[in-house]
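Next come the chains, spelled out residue by residue.
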Amino acid sequence: MENNEKKFLESYDSSEFEKVSLTTDALIFSISNESQDNYRKTNKKHFTVLLVKREDYPFKDMWSLPGGFVDVNENLEDSVNRILKRETNLSNIYLEQLYTFGEVNRDPRMRIISTAYMSLIDKNKIGCSLTKQAKWFDISMNEEKNKIELYLKNGDEVLKVVLKRNKNGDLSVSKNNDIAFDHSLILYKGIERLKNKIEYTDIAFNLLPRYFTLSELQQVYELILNKKLLAPAFRRIIKDKVMSTGEYKTGEGHRPAALFKKV
């Protein structure tokens, strides 16, 4: 380091700048199964997200994504993994950076910028019990051109958020009494990212067991895309992504279905 630069740093007074805090948030998606009363039907699947009930103010007793402040001597990846372990008991899962959220008034306490991470997991493989404040919520959506209604359900509890899109395509929260901070926006941003990636990557397979039927895989695609897919169109999408195992799924009361795996 040059002497002039060293002198500058030694005399530099950072107190003239307002402080900004940094947090990380984790957006964890999975799939849940709902058993059908009719044994001839395949079990219905639900697209789910992991939320935690806040124990402190602000937004005490409301639901949020697992998240918290980054320590001074901590990098972002270590922060989100530490917080995820503390708040949900999940660890050693792949996390992809989603987006940085920095609206000025997104947190009532102070100026806070958050880097959100996203993961898709098969929750049947996590091998641990969740913390008492962490719950999986089934996701359903009504999407129109400039309006999105998000419904998150866990048992009898249903959370609802209405998002609106302005003429520039930017989203804002129109109605929300259930989800803390701007976490409903983070959730929908994550869903948009999945929609953009699902047709050209193998990201959807993270939500399935190693062996699966094409019907199960199609359900996952339809849940993420929030629309029905015609069988021929779906087969074209996945034809180079899967291969037959030569085995069949049996024991569910209907005709055995061929099992496939990711190429």
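Predicted model only: the values in this text are computed from it and were never measured. (Residues numbered from 1 in each chain as written. Predicted model: local features only at pLDDT ≥ 70, side-chain atom pairs only at ≥ 80, totals over all residues. Heavy atoms only, no water.)

## Structural notes on the nonpolar core
Stage number 1. Residues F29, I139 and L150 are the most contacted members of the largest nonpolar core, which totals 48 residues.
Stage number 2. Per-element accounting of this core gives the leading share, seven residues, to helix 3 (residues 183-198). (Core = buried A, V, L, I, M, F, W, Y, C linked by side-chain atoms within 4.5 Å. Buried < 20%, exposed > 50% of the residue type's maximum accessible area, 1.4 Å probe, protein only. Helix = DSSP H or I, 4+ residues; strand = E, 2+ residues; numbered from the N terminus.)

## Describing the environment of T245
Stage number 1. Mapping T245 onto the fold places it in strand 11 (residues 242-249).
Stage number 2. Remark: the alpha-carbon pair of T245 and Y211, spanning 34 residues in sequence, is separated by 7.9 Å.
Stage number 3. Once residues lying within four places of it in the same chain are set aside, the contact partners of T245 are Y211, L259, F260 and K261.
Stage number 4. A polar atom in the side chain of T245 sits 3.1 Å from the backbone nitrogen of E247.
Stage number 5. A polar side-chain atom of T245 sits 2.9 Å from the main-chain carbonyl oxygen of L259. (Contact = heavy atoms within 4.5 Å. Polar contact = N/O pair within 3.5 Å; in protein donor to acceptor, adjacent residues only side chain to side chain.)

## Describing helix 2 (residues 76-88)
Stage number 1. In this model, helix 2 (13 residues) spans 18 Å end to end at C-alpha, consistent with the 18 Å of a helix rising 1.5 Å per residue.
Stage number 2. Within the span of helix 2, buried status applies to S79, V80, I83, L84, E87 and T88. All buried residues of helix 2 fall inside an arc of 125° around its axis, so they share one side.
Stage number 3. The distance from a side-chain oxygen at the start of helix 2 to the backbone nitrogen of E77 is 3.2 Å, and the residue carrying that oxygen is N75. (Expected span 1.5 Å × (residues − 1). Arc of directions from axis to C-beta.)

## Points about helix 3
Stage number 1. A rise of 1.5 Å per residue sets the reference length of helix 3, with its 16 residues, at 22 Å; its end C-alpha atoms lie 22 Å apart and thus fit the reference within 8%.
Stage number 2. Of all 16 residues making up helix 3, 12 are buried, and the element is well covered by its neighbours.
Stage number 3. Turning to helix 3, its buried residues number three or more, namely H183, S184, L185, I186, L187, Y188, G190, I191, L194, K195, K197 and I198.

## Thoughts on unusual backbone geometry
Stage number 1. The residue after Y57, namely P58, is reached through a cis peptide bond having omega -5°.
Stage number 2. Looking at the element boundaries, P58 is found in the loop between strand 2 (44-53) and strand 3 (63-64).
Stage number 3. In this structure, F59 is a non-glycine residue whose phi angle is positive, near 60°.
Stage number 4. The phi angle at N226 is positive, at roughly 60°, despite the residue not being glycine.
Stage number 5. With respect to the element layout, N226 can be found in the loop between helix 4 (214-225) and helix 5 (231-238).
Stage number 6. Since its relative accessible area comes to 31%, N226 is described here as partly exposed.

## Some thoughts on the packing of helix 3 against helix 4
Stage number 1. Close contact between helix 3 and helix 4 brings their axes to 9 Å; oriented N to C, the two are set at 130°. Of the possible angle classes, the one that applies to helix 3 and helix 4 is oblique. As helix 3 runs across helix 4, the sense of the crossing is left-handed. Here I191, L194, K195 and I198 of helix 3 come into contact with helix 4, specifically with Y221, I224 and L225.
Stage number 2. Within the contact of helix 3 with helix 4, the residues separate by chemical class into six nonpolar, no polar and one charged. (Axes fitted to C-alpha atoms, helices over the stretch in contact; angles between N-to-C directions. Parallel < 35°, antiparallel > 145°, perpendicular 65-115°, else oblique. Left-handed = near helix turned anticlockwise from the far one by under 90°. Nonpolar A, V, L, I, M, F, W, Y, C, P; charged D, E, K, R; others polar.)

## Notes on the pattern of salt bridges
Stage number 1. Within this structure, the stated rule accounts for 15 salt bridges.
Stage number 2. Here R193 ties to E96 by a salt bridge, and the two come within 3.0 Å at their closest N and O atoms. Of this pair, R193 sits in helix 3 while E96 sits in strand 5 (residues 96-101), and the two are 97 residues apart along the sequence.
Stage number 3. A relative accessible area of 24% means that R193 is categorised as partly exposed.
Stage number 4. For R106, the salt bridge goes to D182, with nearest N and O atoms at 2.7 Å. Of this pair, R106 sits in the loop between strand 5 and strand 6 (112-120) while D182 sits in the loop between strand 10 (171-176) and helix 3, and the two are 76 residues apart along the sequence. Just as R106 is buried, D182 falls in that class too. (Salt bridge = Lys/Arg side-chain N within 4 Å of Asp/Glu carboxyl O.)

## Some remarks on the packing of aromatic side chains
Stage number 1. One pass over the structure, following the stated rule, counts six aromatic pairs.
Stage number 2. Consider the rings of F29 and F47, whose centres lie 4.9 Å apart with planes at 25°: the pair is stacked. Taken as a pair, F29 in strand 1 (residues 21-34) and F47 in strand 2 lie far apart in primary sequence, 18 residues in all.
Stage number 3. You can call F47 buried: its relative accessible area is 2%. (Phe/Tyr/Trp six-rings, centres within 6.5 Å; stacked < 30°, edge-to-face > 60°.)

## Description of the environment of L22
Stage number 1. Within the element layout of this structure, L22 appears in strand 1.
Stage number 2. In the structure, L22 is positioned 127 residues away from E149 in sequence and 29 Å away in space, judged by C-alpha atoms.

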